[in-house]
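In case you want the letters, here they are:
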Amino acid sequence: MESKLMHVFPGKCTACRNCEQACAFAHLHEGRPTRSRIRADADPQLREGKHVLVVCYQCDAAACVAACPANALWRDTETGAINHIAERCIRCGSCVAACPFGNMRWEPLAQHPSKCDLCKGDPVCVRFCPTGAIQYK
Amino acid sequence: MIRLTIDGRRVESRNGEYLLTLARRAGIEIPTLCHHEAVEPAGACRLCMVEITRPQWNGWSKLVTACLYPAEEGLIVKTSTERVLRTRREVLELLLARSPRAEAVRRLAAQYGILEPKYAVDQEGDNCILCDICTRVCATHVTGAISRVNRGVAKKVATPFDEASDVCVGCMACARSCPTDAIAFSQDGATRAIWGKTFEVVPCTVCGAPTVTREQARWMAQRKGVAEEDFYVCDVCKVAKTGLSCRKVMW
């Protein structure tokens, strides 16, 4: 499978949070960066100008897929992203508990999980990153 | 390849999918309340009624539930004839009389011009329309803790003998899948009560935010052969941990 990958360069991240805003607008249609699927400055302890971005790794042997009892998580063969199929989801929250990296998030208003879907092959966060800390190639 | 027409549109199906699936794929809206992609169709709500006919039937037609009727070669399906709409309205009248406060029913009924049902309204009627989504979801994907019990007007969804279930894991899939929000539950930070059973929602081992119930973690752990403790960290703390390990690699 020749799909592009999301590359994260923590050294380039300035924690400007443009990616969070872009993600929130793209997926929720409103500026709620706390519900973004990408996290800038993920580690709250150490600052010192060193910022880390955390976004779904689209794991090969993904814990979320293994935990889903309803087969609501499917890999898109074109983008390589694991997509959450809302219609098939039974909203049990197993995937959120299972992801070891915290990239499967619970959407409290809609009451269903949300995860990075690589925006169908054109991640919006990448377009809005001013320093090239996230690249899709 | 099976070829048929739905509302005059030619549609094709390779493996005899149900009419509802085909109609929706063709962009034709058929209302449903008991349809859920995660489970097998049940034909419980009777709202997806469509009229089918064939040229050789000499004008005769019949009503079927689109969610349970598989595609057949040469079938002519009509989703909004006068007969279909009349039947659908009748079903909505009955549903609204049964569950007058259910938002999904009210909204759908209003779309069909029904604000007050012609039948006697059951003022004590709860929101449950016996669509069976909760029982199918639980039986198919979780532990099968609930089912329909009793018959006729006494029919309802419950755990066996209305007692706290041994197998319910408190995952809330039933309540969250319910189209009419009919399943009562309560939750605060540390506990969750549903189906007469109170669950402990285990606090995150790092920050103390609620994660999953102990029963659900145990169920997932057993199913996948992993440690139950793996599930007791909240997503925010897991991201922080991921960030920290990235940092160690970088600097």
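What counts, and at which threshold
- Residues numbered from 1 in each chain as written.
- Chains lettered and ligands numbered in written order.
- Predicted model: local features only at pLDDT ≥ 70, side-chain atom pairs only at ≥ 80, totals over all residues.
- Helix = DSSP H or I, 4+ residues; strand = E, 2+ residues; numbered from the N terminus.
- Buried ≥ 20, exposed ≤ 12 C-beta atoms within 10 Å, placed from the backbone.
- Rg over C-alpha atoms; globule rule 2.2 N^0.38 Å.
- Contact = placed C-beta atoms within 7 Å.
- Nonpolar A, V, L, I, M, F, W, Y, C, P; charged D, E, K, R; others polar.
- Core = buried A, V, L, I, M, F, W, Y, C linked by C-beta atoms within 7 Å.
- Domains from an automatic or database assignment.
- Pairing = 2+ DSSP bridges.
- Axes fitted to C-alpha atoms, helices over the stretch in contact; angles between N-to-C directions.
- Left-handed = near helix turned anticlockwise from the far one by under 90°.
- Arc of directions from axis to C-beta.

Chemist: Explain the overall build of chain B to me, and be specific about the residues and the numbers.
Modeler: On a plain count of helices and strands, chain B comes out with seven helices and eleven strands. C-alpha extents for chain B along the principal axes are approximately 75 × 50 × 30 Å. Counting across all 251 residues of chain B, residues that qualify as buried make up 36%.

Chemist: Summarise the overall build of chain A; cite the residues concerned and give the values.
Modeler: Helix and strand content of chain A: four helices and eight strands. Ordering the α and β elements of chain A from the N terminus gives β-α-β-β-α-β-β-α-β-β-α-β. In terms of overall dimensions, chain A is globule-like: its C-alpha atoms have a radius of gyration of 15 Å, near the 14 Å expected for 137 residues. Going through the 137 residues of chain A one by one, you find that 43% of them count as buried. For chain A, restricting intrachain contacts to residue pairs at least 6 apart in sequence, the fraction spanning at least 24 positions comes to 54%.

Chemist: Give a detailed account of the interface of chain A and chain B, specifying residues and quantitative values.
Modeler: If you look at the interface, chain A gives 34 residues, while chain B gives 28 residues. Listing elements by their share of the side of chain A that touches chain B, those giving two or more residues are α2 (63-67), α3 (94-98) and β6 (105-107) of chain A. Here the side of chain A that touches chain B gets four residues from one element, more than from any other, and that element is α3(A). Looking at the side of chain A that touches chain B residue by residue, the class counts come to 22 nonpolar, five polar and seven charged.

Chemist: I'd love a proper account of the nonpolar core, names of residues and values included.
Modeler: Residues A:Leu53, A:Cys64, A:Cys95, B:Leu19, B:Ala66, B:Val137 and B:Ala173 are the most contacted members of the largest nonpolar core, which totals 99 residues. A domain split of this core shows at least three residues from each of domain 1 (2-95) and domain 2 (133-244) of chain B. The contact partners of B:Val137, leaving out residues within four places of it in the chain, are A:Ile90, B:His36, B:Ala38, B:Val39, B:Val142, B:Ala173, B:Cys174 and B:Ser177.

Chemist: Just give me the short version of the domain arrangement of chain B, but keep the residues and values in it.
Modeler: When the parts of a complex come together, some accessible area is lost, and that lost area is often used as the size of the interface. Residues and elements named next belong to chain B. On domain assignment, one finds that chain B holds domain 1 (2-95) and domain 2 (133-244). For domain 1 versus domain 2, the distance between C-alpha centres works out to 34 Å. Listed as interface residues are seven residues of domain 1 and, on the opposing side, seven residues of domain 2. Here the side of domain 1 that touches domain 2 is built from residues that sort into five nonpolar, one polar and one charged.

Chemist: Go over the sheet that holds strand β4 (residues 62-65) of chain B with me, naming the residues and quoting the values.
Modeler: Residues and elements named next belong to chain B. Pairing in this open sheet of five strands is mixed, and the strands run β2-β1-β5-β3-β4 from one edge to the other. Whereas interior strands pair on both sides, the edge strands pair on one side only; in this sheet they are β2 (9-13) and β4. Strand after strand, the sheet turns through a mean of 35° between neighbouring axes, direction not considered. Sheet strands touched by helix α2 (residues 82-98): β3 (49-53), β4 and β5 (76-78). Its angle to β3, the strand with the most contacts, is close to 155°.

Chemist: Tell me about the sheet that holds strand β8 (residues 185-187) of chain B, and name the residues and values.
Modeler: All names here are of chain B. Spatial strand order, β8-β9-β10-β11: four strands in an open sheet with antiparallel pairing. Looking at which strands have only one partner, the edges of the open sheet turn out to be β8 and β11 (210-213). The sheet shows a mean angle of 25° between the axes of neighbouring strands, direction not considered. With two bridges joining them, strand β10 (residues 197-203) and β11 adopt antiparallel strand pairing. Bridge assignment links Val201 to a residue of β11, and that residue is Thr213. On the sheet, helix α6 (residues 214-224) packs against β10 and β11 and is oriented at approximately 65° with respect to β11.

Chemist: Outline the packing of α2(B) against helix α3 (residues 103-111) of chain B, supporting the account with residue identities and numerical values.
Modeler: Residue and element names in this part refer to chain B. For the pair α2 and α3, the least separation of the axes is 10 Å and the interaxial angle reads 145°. α3 is crossed by α2, and the crossing has left-handed handedness. Here Leu92, Leu95 and Leu96 of α2 come into contact with α3, specifically with Val105, Arg106, Leu108 and Ala109. Residue composition of the contact of α2 with α3, by class: six nonpolar, no polar and one charged.

Chemist: Residue-level account of helix α1 (residues 18-28) of chain A, with values.
Modeler: All names here are of chain A. Taken as a whole, α1 has its buried residues at Cys19, Glu20, Ala22, Cys23 and Ala24. Residues of α1 that are buried make contact with β2 (39-40), α4 (124-128) and β8 (134-136). Of the residues one or two after α1, His29 is the one with positive phi, at around 60°.

Chemist: An account of the environment of B:Ser186 is needed here, citing residue identities and associated values.
Modeler: Residue and element names in this part refer to chain B. Inspection of the secondary structure puts Ser186 in strand β8. For Ser186, a count of 9 C-beta atoms within 10 Å translates into the label exposed. Residues Ser186 and Lys248, 62 residues apart in the sequence, show an inter-C-alpha distance of 42 Å.

Chemist: Would you mind going over α3(B) in detail, with residue names and values included?
Modeler: All names here are of chain B. Residues Val105, Leu108 and Ala109 constitute the buried set of α3. Looking down the long axis of α3, one finds its buried residues gathered within 100° of arc, a one-sided arrangement. When the buried face of α3 is taken as reference, the exposed residues oriented beyond 90 degrees from it are Glu103, Arg107, Ala110 and Gln111. As for α3, its buried residues are in contact with α2. Count one or two residues on from α3 and you reach Gly113, which has phi positive near 80°.

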